[in-house]
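Notes for the structure review
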Amino acid sequence: MSRARTNIATIAVALIAIGIVVVATRVSRRLFESPDSGPLAGDRRAVAAGPAAPLPPAADPHVFEVISATGRVEAQRGDGWAPIQQGDKLTRSDVVRTSAASGAVLRLAAGTEIELRAGVEIRLDAWSAGGPTAAGAGGEHAAAVDQAPGGVSPARQGGASVDLRRGKVLARVGSAGALSIHASDTETSSDGPARFVVLADEKGRVAVATIAGTARFAAGGKTVSVPAGAASASQGGAPPDDPEHISEDVFLNVAWPTLDRHGEHAEIKGRATPSSVVTVRAPSGLETATVGTDGQFSVTVPVGGGKTPIEVEAEDLVGHTKQATTTLTRRPPPPPALKAEATDLWKKPANQ
């Protein structure tokens, strides 16, 4: 009996010792082990570091960014115009204009750029991610949209549509982009990646030329494909001409005014390649004119006293140029003629 009691006591002591060891081990781990170890260490560090920084916002595909702006470039803000500069964002319904000797490049996030030359006014008026254009099914662009192949314009497929009111723009459309340019009841778009030029003058004439890829030009119920190196034109919304090859030679013939003159202004006129832009540069500034179908142009520039150098440059749709120069001399006006007054030399004064 005594031996049994001794064995039980021994077992009890062993169990107590084991329990003490287990408890001591757990306490030691809690007190001395690194708090960052173990499977939950990453969660503890994440909580201690606070919430993760938010990702930068994705580029808005419905915004044009001003990549460059030279000279006076403005956007309409309410009833007035405000200057814009590189880095500014332009959205739907913004109207942008460039003055003489100025230009800008606008970029869309999808890889589309529009270069605005001098004297441009353009409205970024319609955006779409698959729906109708801002003008709606019955809007002013509906007819031009319906004339495109399949009755669907790039704006309906997802892209930008702009309204060119006047001037010359160069469009660069990437593989992921889509662009439709409306001008005077015409629509110009691209078949895939392309570079094309659209020129709209004050008389309702629209000319289109393609530099790379293929452009679609629609007006008056007719659509033509304009390949690289070719151009087409439409007058007042009439069906476009069949595309013609663009010559590298630019025609320019200036009828210079009288070299010696007395007036403060001089009219520079002549003939140049149709649809080209003529720029006349003088020390006082520059003036531009768009050459119509008849090939004629006329520009009036101020002439200072003495000698005034004049340069005339004609640039066709795709950028080929030709120059002509001269110097005008403004003579001072002749002195007024002296008028002799009749007098009586023999008349004596009354007091003599």
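Residues numbered from 1 in each chain as written. Predicted model: local features only at pLDDT ≥ 70, side-chain atom pairs only at ≥ 80, totals over all residues. Heavy atoms only, no water.

Further remarks concern the overall build of the chain. Looking only at helices and strands, one finds four helices and 25 strands in the chain. Within the chain, contacts between residues at least 6 apart in sequence are counted, and of these 52% link residues at least 24 apart. A total accessible area of about 20000 Å² is found for the chain, and carbon and sulfur atoms account for 54% of it. (Helix = DSSP H or I, 4+ residues; strand = E, 2+ residues; numbered from the N terminus. Contact = heavy atoms within 4.5 Å. Areas by Shrake-Rupley, 256 points an atom, 1.4 Å probe, with all protein chains shown as cover.)

With that settled, the discussion passes to the sheet that holds strand β20 (residues 265-272). Spatially, three strands are ordered β18-β20-β23 in an open sheet, and the strand pairing comes out antiparallel. Of all strands in the sheet, those bounded by a partner on one side alone are β18 (252-255) and β23 (296-302). Strand-to-strand twist of the sheet, defined as the mean angle between neighbouring strand axes without regard to direction, takes the value 25 degrees. Direction of pairing for β18 relative to β20: antiparallel, over a ladder of four bridges. (Pairing = 2+ DSSP bridges. Axes fitted to C-alpha atoms, helices over the stretch in contact; angles between N-to-C directions.)

This part is about the pattern of salt bridges. Pairing of side chains with opposite charge becomes possible as their charged atoms draw close. Applying the stated criterion to the full structure yields twelve salt bridges. Ionic pairing is found between E115 and R172, a salt bridge with its closest N-O pair at 2.7 Å. Of the two residues, E115 sits in strand β7 (residues 112-116) while R172 sits in strand β9 (residues 159-173), which places them 57 residues apart along the sequence. A salt bridge links R165 to E121; the nearest nitrogen and oxygen atoms lie 3.0 Å apart. Of this pair, R165 sits in strand β9 while E121 sits in strand β8 (residues 121-128); the two residues are 44 residues apart in sequence, bridging distant segments of the chain. A residue is classified by how much of its surface remains accessible, and R165, at 36% relative accessible area, is partly exposed. Members of the salt-bridge network, linked through shared partners, are R107, E113, E115 and R172. (Salt bridge = Lys/Arg side-chain N within 4 Å of Asp/Glu carboxyl O. Buried < 20%, exposed > 50% of the residue type's maximum accessible area, 1.4 Å probe, protein only.)

Here S234 lies in strand β16 (residues 230-235). Within the local environment of S234, its side chain forms a polar contact with the backbone oxygen of A238, the two atoms lying 2.5 Å apart. With sequence-adjacent residues up to four places away left out, S234 is seen in contact with T186, G204, R205, V206, F217, A219 and P240. (Polar contact = N/O pair within 3.5 Å; in protein donor to acceptor, adjacent residues only side chain to side chain.)

Attention now moves to the environment of T326. The topology assignment puts T326 in strand β25 (residues 321-330). What makes T326 buried here is its relative accessible area of 17%. For the pair T326 and I310, spaced 16 residues apart in sequence, the C-alpha separation works out to 5.4 Å.

Turning our eyes to something else, we now look at the nonpolar core. Most often, soluble globular proteins have nonpolar side chains that are buried together. Ranked by size, the top nonpolar core spans 35 residues in total, and within it F64, L90, L116, L164, V169 and I181 carry the most contacts. The dominant element in this core, judged by the number of residues it contributes, is β9, at six residues. Within the second largest apolar cluster, 19 residues are counted, among which are A266, V278, A314 and L328. (Core = buried A, V, L, I, M, F, W, Y, C linked by side-chain atoms within 4.5 Å.)

When pLDDT is averaged across the chain, the result is 78; 66% of the residues are at 70 or more. Considering each helix and strand of the chain separately, the mean pLDDT is smallest for helix α3 (residues 142-147), with a value of 40, and largest for strand β15 (residues 222-227), with 97. Ignoring residues within four places in sequence, the model shows residues 55-59, a span with pLDDT below 50, making one contact including any to other chains. Contacts of residues 128-157 to residues separated by more than four positions or lying in other chains number 60 contacts, the stretch itself having pLDDT below 50. (pLDDT = per-residue confidence, 0-100.)

The next point concerns unusual backbone geometry. Its identity is not glycine, yet A101 carries a phi of approximately 60 degrees, on the positive side. With respect to the element layout, A101 can be found in the loop between β5 (94-98) and β6 (103-108).

Another aspect to go through is the packing of aromatic side chains. Taken as a whole and assessed by the stated rule, the structure comprises zero aromatic pairs. We note R97 situated over the ring of W81; from NZ or CZ to the ring centre the distance is 4.0 Å. (Phe/Tyr/Trp six-rings, centres within 6.5 Å; stacked < 30°, edge-to-face > 60°. Lys NZ or Arg CZ within 6 Å of the ring centre and 35° of its normal.)

It is worth spelling out the environment of S275 at this point. Structurally, S275 is set in the loop between β20 and β21 (277-282). Sequence-wise, S275 and T293 are 18 residues apart; in three dimensions their C-alpha atoms are separated by 7.0 Å.

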